[in-house]
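What follows is each chain in one-letter form.
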Amino acid sequence: MNPFNYTPEQLHDVAHQVRRDIVRMVHAVNSGHPGGSLGCTEFLVSLYFRVMDHNPTFNMDGTQEDLFFLSNGHISPVWYSVLARSGYFDVKELATFRKLNSRLQGHPATEEGLPGIRIASGSLGQGLSVATGAAQSKKMNNDDKLVYVLMGDGELEEGQVWEAAMYAAHHKVDNLIATVDYNGQQIDGPVDAVMSLGNLRAKWEAFGWKVLHCENGNDFVQLVPVLEQAKALTGHKQPIIILMNTQMGFGVDFMMGSHKWHGVAPNDAQLEQALVQLSETLNDY
Amino acid sequence: MKDFPYTESKDTRSGFGAGLLELGRTNPNVVALCADLTGSLKMDAFQKEYPERFFQVGIAEANMIGLAAGMTIGGKIPFTGTFANFSTGRVYDQIRQSVAYSGKNVKICASHAGLTLGEDGATHQILEDVGMMKMLPHMTVINPCDFNQTKAATMAIAEFEGPVYLRFGRPVVPNFTPADQKFEIGKALMLNEGTDVTIIATGHLVWKAILAGKILAEKGINAEIINIHTIKPLDARAILESVRKTGCVVTAEEHNYMGGLGESVARVLAQELPSPQEFVATQDTFGESGTPDQLMEKYGLNEQAIVAAVEKVIARKKQ
């Protein structure tokens, strides 16, 4: 059972506040990755406030609770905001993002002991392996809870992802739900221009995965049912992956759909312009 | 010179296999992962007896390291097995981020290290692995010398919380350490007390140091011989105590002189007790195909090389 189990309206309010947090965090240090963070806001808000059976009183082993791993660690702002807003640590700590002596490193880490983080990520391509190992650990422990992992689409260019894909299907890791943030953008430009992913559904199916599709991962009405469907499909001797279309920069009009905002922070005027579009719903930190 | 009798010769990788099997019996949290080298790593006995705790990964070492890191979440103690080359250089970034930086309790077990891998040649003979692993914060680096010590080390690292790199090899070598000797991570073992020179050896070079000690004794040189099985953390106190007495040191290892045990010893001495030191190690080179003995001779890693280094360092001390 999710500790919040929010309605779509409540999820919407959380998402607005998370987006405010994201743009304010990256603006304050003039660095970080707002684009992918904004695009994955509905996804992380859905997991932590509706879908996952998790315990904000953090325990590294995560026994008898669902686990989430962020493989594309550069979208740390959205994860930090969602963790704070769901009670893992004080929202005031968001103000320390990327600053000296902070637990909120540019990319997620365990070194400083930030609650909610179970592995460092940032160097891409490693999260699916880690999540698969954690899922097998759960099986060995007779723990029937689930493991979730999010990857970027550009990240799929890393070979290790496909090593893990092969392994999880071969070993029938069926308590694992992976999601690809398919926003079609990476640092150097559109994914199709940098390194085409081809028929992604066919690729994952050929690797032996059950593939679900979410047409609009920025719409709770579409996303939550897909996540619930994925949960219902666990335990059938097959790992599950959701190919989730999102828009990079969603919710801030001038950031939407462009790779330019992958890793660039807004200036003062742009911050104001962004905040006008995002109502304050849960109070700023 | 003390005598080190032994009744059999065995490979250190078999010591790892024996230790792992024993851990299967004694520690239900120990799990093993292997990248298609189960027989070479001597993990087959564990696989046979504990199939539910053995994970065949296929030829995909990066995934293996990530899986192992993930399995620690939930309390498992994963032992990964492949050749030293594929345990380090091939997966350095995975070890760095998912294991060392993340502080995960993964035991990276690496066989066929160094030149003694033999005929397969330089692609497989890694001589840089200790350097890579000791550079990583949080990583413990262990290189035992014979079957018994490798078995004991394998069992000891399961009791230790944190990432460990355990390095061992392929060839059969004298099994001379006592089977009941307790393995204490980070503690040097005094093999022979002496006064003229300190020989600090690790791994396969420990036995070569003993052979060298005998030759030196016949020449009237009284060598102190220390077995350093843990390169990080290094037992600086034992090294300083010995070199204070002897005034010079020879380090011996099956590794490049850059990044290995010798450099770690040199750092301790440079800070505390600057002393003449000679390095028995490979000289910033790759290996090649050949038998282990031929290679150890050609690349200067045998007892004659240690004797020559001792004579040189004693001459430097007298200058």
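Residues numbered from 1 in each chain as written. Chains lettered and ligands numbered in written order. Predicted model: local features only at pLDDT ≥ 70, side-chain atom pairs only at ≥ 80, totals over all residues. Heavy atoms only, no water.

**Observations concerning the overall build of chain A**
Helix and strand counts for chain A come out as 10 helices and seven strands. Radius of gyration (C-alpha) of chain A: 17 Å, near the 19 Å computed for a compact globule of 285 residues. Its C-alpha atoms put chain A at 50 × 45 × 35 Å along the principal axes. Classification of the 285 residues of chain A by burial places 57% in the buried group. Sequence separation of 24 or more characterises 76% of the internal contacts of chain A that already satisfy a separation of 6 or more. When the accessible surface of chain A is totalled, it reaches about 10,400 Å², and 49% of it is carbon and sulfur. Each charge class in chain A was averaged separately, 20 positive and 32 negative side chains, and the resulting centres sit 4 Å apart. (Helix = DSSP H or I, 4+ residues; strand = E, 2+ residues; numbered from the N terminus. Rg over C-alpha atoms; globule rule 2.2 N^0.38 Å. Buried < 20%, exposed > 50% of the residue type's maximum accessible area, 1.4 Å probe, protein only. Contact = heavy atoms within 4.5 Å. Areas by Shrake-Rupley, 256 points an atom, 1.4 Å probe, with all protein chains shown as cover. Lys, Arg positive; Asp, Glu negative; His and termini not counted. Charge placed at Lys NZ, Arg CZ, Asp CG, Glu CD.)

**Digging into the sheet that holds strand β6 (residues 210–214) of chain A**
Residue and element names in this part refer to chain A. As summarised here, the arrangement of the five strands in space is β1-β2-β3-β7-β6, forming an open sheet in which the pairing is parallel. Lying at the two open borders of the sheet, with one neighbouring strand each, are β1 (67–70) and β6. Neighbour-to-neighbour, the strand axes of the sheet open up by a mean angle of 20°, direction not taken into account. Here six bridges tie strand β3 (residues 176–182) to strand β7 (residues 240–245), and the two strands are oriented parallel to one another. Residue pairing across strands places Asp 181 opposite Met 244, the latter belonging to β7. Here helix α5 (residues 127–140) sits on the sheet in contact with β1, β2 (147–152) and β3, set at roughly 175° to β2. Packing against the sheet, helix α9 (residues 220–233) makes contact with β2, β3, β6 and β7, and its axis sits at approximately 170° to β6. (Pairing = 2+ DSSP bridges. Axes fitted to C-alpha atoms, helices over the stretch in contact; angles between N-to-C directions.)

**As for the sheet that holds strand β7 (residues 164–167) of chain B**
Backbone hydrogen bonds hold the strands of a sheet together, and the pairing may be parallel or antiparallel. Residues and elements named next belong to chain B. Taking strand neighbours across the sheet as the criterion, the seven strands line up as β3-β2-β4-β5-β7-β6-β12 in an open arrangement whose pairing is mixed. Both edges of this open sheet fall to β3 (54–56) and β12 (230–232), since each of them pairs with a single strand only. If you compare each strand with its neighbour and ignore which way they point, the axes differ by 20° on average. Here strand β6 (residues 140–142) pairs with β12 via two bridges, running antiparallel. Bridge assignment links Ile 142 to a residue of β12, and that residue is Thr 230.

**A look at the pairing of β3(A)**
Residues and elements named next belong to chain A. Of all seven residues in β3, six are buried, a share of seventy percent or more. As paired strands, β2 and β3 are joined by six bridges and run parallel to one another. Its bridge partner lying in β3, Val 147 is registered against Leu 176. On the question of chirality, the crossover connecting β2 to the parallel β3 by way of helix α6 (residues 159–170) is right-handed. (Right-handed = clockwise from strand over helix to strand, strands pointing away.)

**Observations regarding the UniProt feature "domain: Transketolase N-terminal" (unreviewed entry) in chain A**
In the numbering adopted here, UniProt assigns the feature "domain: Transketolase N-terminal" (unreviewed entry) to residues 15–274 of chain A. Overall, residues 15–274 of chain A shows 38% helix and 12% strand. The separation of its end C-alpha atoms is 14 Å. (UniProt positions renumbered as here; feature names shortened; annotations may be inferred.)

**Brief notes about the packing of helix α1 (residues 12–26) of chain B against helix α7 (residues 147–159) of chain B**
A pair of packed helices is characterised by two quantities: the angle between their axes and the separation of those axes. All names here are of chain B. Interhelical geometry of α1 versus α7 gives an angle of 40° and a closest axis separation of 7 Å. Our classification of the angle between α1 and α7 gives oblique. Crossing geometry of α1 relative to α7 is assigned as right-handed. Together, Thr 12, Ser 14, Gly 15, Phe 16, Ala 18, Gly 19, Leu 20, Glu 22 and Leu 23 of α1 and Phe 147, Thr 150, Lys 151, Thr 154, Met 155 and Ala 158 of α7 make up the contact between the two elements. Residue composition of the contact of α1 with α7, grouped by class: seven nonpolar, six polar and two charged. (Parallel < 35°, antiparallel > 145°, perpendicular 65-115°, else oblique. Left-handed = near helix turned anticlockwise from the far one by under 90°. Nonpolar A, V, L, I, M, F, W, Y, C, P; charged D, E, K, R; others polar.)

**A short note on the domain arrangement of chain B**
Residues and elements named next belong to chain B. According to the domain assignment, chain B contains domain 1 (9–174) and domain 2 (189–318). A separation of 25 Å is found between the C-alpha centroids of domain 1 and domain 2. In this assembly, 33 residues from domain 1 lie in contact with 33 residues from domain 2. Summing both partners gives a buried area of about 2,400 Å² for domain 1 against domain 2, and 58% of it is carried by carbon and sulfur. (Domains from an automatic or database assignment. Buried area = accessible area lost by both parts, 1.4 Å probe.)

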